[in-house]
Amino acid sequence: MNETEPHDADDRRALRQLQGQVEFVSMTAELLTAARSHVRILAQAADLGYLAHGEVIEALRALIRRSRRTRIELLLPPEVARDERGRALWDLAQRLTSFISVHRLADEDAQQPEAWLTADGRGYLYRAQAERLRGEGSLLAPARVRDLDERFAALWQHGAPDPDMRRLHV
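Residues numbered from 1 in each chain as written. Predicted model: local features only at pLDDT ≥ 70, side-chain atom pairs only at ≥ 80, totals over all residues. Heavy atoms only, no water.

**Remarks on helix α6 (residues 142-158)**
1) Next: The end-to-end C-alpha distance of α6, which contains 17 residues, comes to 24 Å, matching closely the 24 Å that a straight helix rising 1.5 Å per residue would cover.
2) Next: Residues of α6 that are buried: V145, L148, D149, F152, L155 and W156. Take α6 and look down its axis: the buried residues cluster within an arc of 125°, on one side only. Pointing more than 90 degrees away from the buried face of α6 are the exposed residues A143, E150 and Q157. (Helix = DSSP H or I, 4+ residues; strand = E, 2+ residues; numbered from the N terminus. Expected span 1.5 Å × (residues − 1). Buried < 20%, exposed > 50% of the residue type's maximum accessible area, 1.4 Å probe, protein only. Arc of directions from axis to C-beta.)

**Notes on the packing of helix α2 (residues 20-34) against helix α4 (residues 54-66)**
For any two helices packed against each other, one specifies the inter-axial angle together with the distance between the axes.
1) Next: Where α2 contacts α4, the two axes come as close as 9 Å, and the packing angle between them is 5°. The orientation of α2 relative to α4 falls into the category roughly parallel. Across the interface between the two elements, V25, T28, A29, L32 and T33 of α2 pack against E55, V56, A59, L60, L63 and R66 of α4.
2) Next: A class-by-class count of the residues in the contact of α2 with α4 yields seven nonpolar, two polar and two charged. (Axes fitted to C-alpha atoms, helices over the stretch in contact; angles between N-to-C directions. Parallel < 35°, antiparallel > 145°, perpendicular 65-115°, else oblique. Contact = heavy atoms within 4.5 Å. Nonpolar A, V, L, I, M, F, W, Y, C, P; charged D, E, K, R; others polar.)

**Some details on the pattern of salt bridges**
1) Next: Here the structure, examined in full by the defined rule, presents 12 salt bridges.
2) Next: With a shortest N-O distance of 3.7 Å, R61 and E58 are connected by a salt bridge. With R61 and E58 both in helix α4 and three residues apart, the pair spans about one turn of that helix.
3) Next: Across the pair D83 and R85 runs a salt bridge whose closest N-O atoms are separated by 2.8 Å. (Salt bridge = Lys/Arg side-chain N within 4 Å of Asp/Glu carboxyl O.)

**Description of the packing of α4 against helix α5 (residues 87-95)**
1) Next: Closest axis-to-axis distance for the α4/α5 pair is 10 Å, and the angle between their directions is 15°. As far as their axial angle goes, α5 and α4 are roughly parallel. Viewed along their axes, α4 and α5 form a crossing whose handedness is right-handed. Residue-level inspection shows I57, L60 and R61 of α4 in contact with α5, the latter providing A88, L89, L92 and R95.
2) Next: Broken down by class, the residue content of the contact of α4 with α5 amounts to five nonpolar, no polar and two charged. (Left-handed = near helix turned anticlockwise from the far one by under 90°.)

**Some points on the side chain of D83**
1) Next: Within the fold, D83 resides in the loop between β3 (71-76) and α5.
2) Next: Here R85 takes part through its side chain, which lies 2.8 Å from a polar atom of the side chain of D83.
3) Next: Discounting residues that sit within four places of it in the chain, D83 has contacts with L48 and W90. (Polar contact = N/O pair within 3.5 Å; in protein donor to acceptor, adjacent residues only side chain to side chain.)

**Description of the environment of E23**
1) Next: Structurally, the position occupied by E23 is in helix α2.
2) Next: Sequence separation of E23 and L133 is 110 residues, and the distance between their C-alpha atoms is 9.5 Å.
3) Next: Setting aside residues up to four positions removed in sequence, E23 forms contacts with Q17 and L18.
4) Next: Among the polar contacts made by the side chain of E23, one reaches the main-chain amide nitrogen of Q19 at a distance of 2.7 Å.

Shown next, in the form of structure tokens:
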């Protein structure tokens, strides 16, 4: 590999500082493209702009097509699940319920200010403040991802399936 090769081990471990929708769309698509099977997303209202972006939706679809074992867990504050900015994401989740599970945060966790996405125990995207689209990410940071996944699992257990995301069978 030469020095300009974008995905050597050092580049994948590099902590990237992210700001704005363009950088978040790019990093999210990159994480989803590298993912093999398991993605966890704790989203806030500010995340809907990039999570429902066409490039991210297509990366989610491609991930699902790559493996029948794909599992995407989406955890949301109650008011975010109805936000129209996420329409493309909600439509995908309703159509692919065997791959995408949506839970709402429990009332006691609903004011959670952070947001993050983890992929396969390797890569992550993290924001500390709910209202600002500023954060960090890495394609290869298993220790940080382990911490975020443990926190996600605890929040997931306290939450409940989102009734608005159920597929209607008539």
